[in-house]
Structure formats: structure tokens, C-alpha cells
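One-letter residues, chain by chain:
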Amino acid sequence: MKFLFKAAFLIVISTLILSLSALAQSPLDNKQIKAVEARGNKNVNTETILGKLKTQPGKLYSQAQINEDLKALYATGFFTDVSVDIEEYKEGVKVIFYVKEKAVIRQIVFEGNSVYKEKQLVKKIKSKNDDVLNHRQLKEDCEEIEKFYEKNGYTHAGASYKVDVDKQTNLATVKIMIDEGKKMKVGKISIQGNKAFSSKKILKLMQTKKSWVFRKGYLKEDVLEDDLERIKAFYEDQGFIDVVVDKEVKIIENRKYAEVIIYIQENKRYLTGEVTVKGNKIFTTSALREKIKLQSGNIFSPSAVSDDAANIQTFYFDKGYIFCNVDSDTALNAQTGKVDVNYIVR
């Protein structure tokens, strides 16, 4: 009885294995491919589609290769749907790939723009005519346009898009709609955290200015960012090499004006430590020191270091050593708390 049960069990397992093997293979496998066609394409040419396929006339049919070809067509990004059909054909088979194309951009138009011309806005977007329609890219394009307007003072500008697809040609017209809003004027600029220098001194460093009768004083994001870098560089050149400069913009008076707040964390002011010269062989160290204005005990200044390196190099050039290079190296001395400077002659 046990023997009969085991025999029956083995027969069932064998049958399942054979069935699975049959599923894994197509009955068309190993038949010769006589023709390969692409259908459904309107804008993507047939040669492009067939060029992506490894299924070719003269080869033997393989379901596994068909599956890979379908993946390859999807990967092009040109199609929303891809399918395949097989027909008996001339003592072999014909393989037909059916594709449903994504729309192709025929034209991009702008609406609502008056401050900037279309040719200026086109340069700010990545979507172009004849590109495959990509909604994610169009969304990013609108964001880039908004950033462009914001940097030029139009902090209330907005951009959106609308797509109209011709069902017969599958060509799309993209309309980018812009609400430019109004330019934001600067109503107030305040400086906080400054101790070493007056607010008046820092305000003079800035290109961003308060609006008044004879000055429009528009808020521009890129100009304000440059202002922060300018303030930071000024502090660093005055020995505050750890300075932190940040900003905040608040909208005031019914969204007509902006208040710009500059936050400064000065931190420690550093002095110059030991000043050395290395690598010089032709001229003495004392001769080169005469060209160095930054001295030990002075307020440390990165620009002064650069100027002194340039002075030494000019000294060499004037003496005919035109291939001489002078570099500088700075390091904070943990024991003295000062910044040591070393000039290297090469």
C-alpha cells in the first residue's frame, strides 16, 4: 500500500514539473522569425523602434527575448504601453510590436508674461519642442520660472502649465501660464548681532537698499545672497574668520513691502601669529620679509595674506624669475590661539 502511495505521489510531482516546464516555454519557441513589424507609432519612426529590438528576422523565436525587447521599448521613455502579437507567416512566424506613444511637444507658448519676453523664458526651461511630453519636467520648468522671477524682485510670481494633445497626430501644445504679480519693495533693513561694526557700516556694504522717494529698492533674492557673502568676506578680512551671516525676509504692510533682517554671529577675532617664509634659495628671508605687510600681532586678514604672496611673486618676476610661484598656508595655532602664516616659494 505504501509503495502504491509513493508511486502515485511521484507521478503527480513529475506531472507538475513537466507542466511548469511547458509554461516556461512557448510552443512557438525555436520557430524561425520571418518578419518583425512595429505598429501604432505616429511620431517615433519605425527604424528607431526596430533598432531597439534583438528579435530579428532569421533568428529563432524566443519568448524570453520577446520579454526583454518589451522592457527595452518601455525603457526608451517614448511609450505608455507596449504589447506583442505573433502570427504564423511563411512557414515561420511574424512578430508584431504594438506601441502607444507618449505625446510629443509640438509647441511651447507663454501666456501672462509682460516683463520678460518669451525668448528669455525659454532659456530657463529644459522642455523643448520635439521632446517627449514629460509632466514632471514641466512642473520643474514652472518652478524654475518662479525662481527666475523671484530673483528679480517678483516674489509673488507664479507659473503653471496646461497641455493640449491632438488625438490624431499625438502632438502636444504646452501653454505655460505666468502670473507675474508685483515687485516687492524693501521697506526696512535691520542688522542684528553686530558689535564690532556699526549697522551703518554694514548697510553700506549691501547692494540691497531700502525703498524711498528717489530709489525703487526692489527685493532681489540673488542680490541679497551676494550681500551676505560680501558681509561675510568683510568680517573675515577683519579677523572674524568664524563669522556666521544669515538673513530673514518678512512681508509687512499688507504684502506690499519686505523687511530684511541680517543676523550676524561675529565669534572670535583672530590675530596673526608667526609669519615665516620657506623655499627661498636665491633671495634671503629678510629681503622677502620687506615685501610682507602682514606682521605678527596684526589682525589676521585673508586678503592681506593673498596680497603679500602676490608682492613676493612680483619681486621675483621683476628680478627675471618669471616661473616662480609663491603660495601661502595658514593654520590656527592651538597654543597661542593665533593664525600662523607661511609663504612657500617654489
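In this text the structure is predicted, and so the values were computed from the model without any measurement. (Residues numbered from 1 in each chain as written. Predicted model: local features only at pLDDT ≥ 70, side-chain atom pairs only at ≥ 80, totals over all residues. Heavy atoms only, no water.)

K.L.:
Requested: an account of the overall build of the protein chain, with residues and values cited.
P.N.:
A count of helices and strands for the protein chain gives 9 helices and 12 strands. Taking 2.2 N^0.38 as the reference for a compact globule, 346 residues should give roughly 20 Å; the C-alpha atoms of the protein chain span a radius of gyration of 36 Å, well beyond that estimate. Seen through its C-alpha atoms, the protein chain measures out along the principal axes to roughly 100 × 60 × 60 Å. For the protein chain, the proportion of its 346 residues judged to be buried stands at 33%. (Helix = DSSP H or I, 4+ residues; strand = E, 2+ residues; numbered from the N terminus. Rg over C-alpha atoms; globule rule 2.2 N^0.38 Å. Buried < 20%, exposed > 50% of the residue type's maximum accessible area, 1.4 Å probe, protein only.)

K.L.:
Residue-level account of the pattern of salt bridges, with values.
P.N.:
Scanning the entire structure with this criterion turns up 12 salt bridges. The partner of Lys147 in a salt bridge is Glu144, and the shortest N-O contact between them spans 3.6 Å. Highlighted residues: Lys147 and Glu144, both in helix H5 (residues 135–151), separated by 3 residues, approximately one helical turn. Take Lys147: its relative accessible area is 43%, and that puts it in the partly exposed class. Across the pair Lys188 and Glu259 runs a salt bridge whose closest N-O atoms are separated by 4.0 Å. Here the residue Lys188 occupies a position in strand E7 (residues 185–192), and Glu259 occupies one in strand E9 (residues 257–265), the gap between them amounting to 71 residues. A residue is classified by how much of its surface remains accessible, and Lys188, at 43% relative accessible area, is partly exposed. Overlapping salt bridges bring together Glu37, Arg39 and Lys94 as one network. (Salt bridge = Lys/Arg side-chain N within 4 Å of Asp/Glu carboxyl O.)

Function cannot be inferred from these measures alone, as they are strictly geometric.
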